[in-house]
Amino acid sequence: MKKLEIITRPFKIDEIKDALTNMGIKGMTLIEVKGFGRQHGHKEVYRGAEYQVDFLSKVKMEIIIDDDLVDKAVEAVMEVARTGKVGDGKIFVYPVENAIRIRTGETGDKAI
């Protein structure tokens with residue numbers, strides 16, 4: 001099993017969710033986060049005063065999937081999340097040692 005951690009623009013989440021559910025991926029967790037990378041924030045004006053916004057609103061989606069779906073899932077996310085501009089986000093892939101469904105006690109692939 002692998003954990004995909006996708007950090008991207010908030011307006012892309014519905015497209016990502018649809019692409020992944022169409023592949024048969026059933027569960028995902030979404031967290032609203034703030035951060036910056038190469039974008040380095042941007043300047044805004046409020047009541048005539050200009051100020052720097054360093055941390056931009058992003059979303060982090062976490063998904064646990066079977067090893068054989070990882071490449072297809074990464075490709076699907078890249079296809080729908082890419083705008084070609086700085087700030088499109090990142091995908092991290094981590095190994096998952098085990099998963100346990102609390103309600104039934106199922107473990108491993110059966111728990112996801």
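Here we summarise the structure given alongside this text. Owing to the predicted nature of the structure, the values given are computational and were not obtained by experimental measurement. (Residues numbered from 1 in each chain as written. Predicted model: local features only at pLDDT ≥ 70, side-chain atom pairs only at ≥ 80, totals over all residues. Heavy atoms only, no water.)

Considering the sheet that holds strand 5 (residues 56-65)
Reasoning step 1: The 4 strands are arranged 2-5-1-6 in an open sheet whose pairing can be described as antiparallel. The outermost strands of the open sheet, each flanked by one partner alone, are strand 2 (29-35) and strand 6 (89-95). Averaged over neighbouring strand pairs, the angle between their axes works out to 20° when direction is ignored.
Reasoning step 2: Both strand 1 (residues 2-8) and strand 5 contribute to a ladder of 7 bridges, which runs antiparallel. Its bridge partner being in strand 5, Glu 5 is matched across the sheet by Glu 62.
Reasoning step 3: Across the sheet, helix 1 (residues 13-22) lies against strand 1, strand 2 and strand 5, angled at about 10° from strand 5, the strand it touches most. (Pairing = 2+ DSSP bridges. Helix = DSSP H or I, 4+ residues; strand = E, 2+ residues; numbered from the N terminus. Axes fitted to C-alpha atoms, helices over the stretch in contact; angles between N-to-C directions. Contact = heavy atoms within 4.5 Å.)

Let's talk about the pattern of salt bridges
Reasoning step 1: With the rule as written, the count across this model stands at 8 salt bridges.
Reasoning step 2: A salt bridge links Lys 60 to Glu 62, with the shortest nitrogen-to-oxygen separation between them at 3.5 Å.
Reasoning step 3: Glu 62 sits in the buried class, given a relative accessible area of 19%. (Salt bridge = Lys/Arg side-chain N within 4 Å of Asp/Glu carboxyl O. Buried < 20%, exposed > 50% of the residue type's maximum accessible area, 1.4 Å probe, protein only.)

Examining the side chain of Glu 5
Reasoning step 1: Its location among the elements puts Glu 5 in strand 1.
Reasoning step 2: With relative accessibility at 10%, the residue Glu 5 sits in the buried group.
Reasoning step 3: At 3.4 Å, the side chain of Glu 5 and the side chain of Tyr 94 are in polar contact.
Reasoning step 4: In contact with Glu 5, not counting residues within four places along its chain, are Lys 60, Met 61, Glu 62, Lys 90, Ile 91, Phe 92 and Tyr 94. (Polar contact = N/O pair within 3.5 Å; in protein donor to acceptor, adjacent residues only side chain to side chain.)

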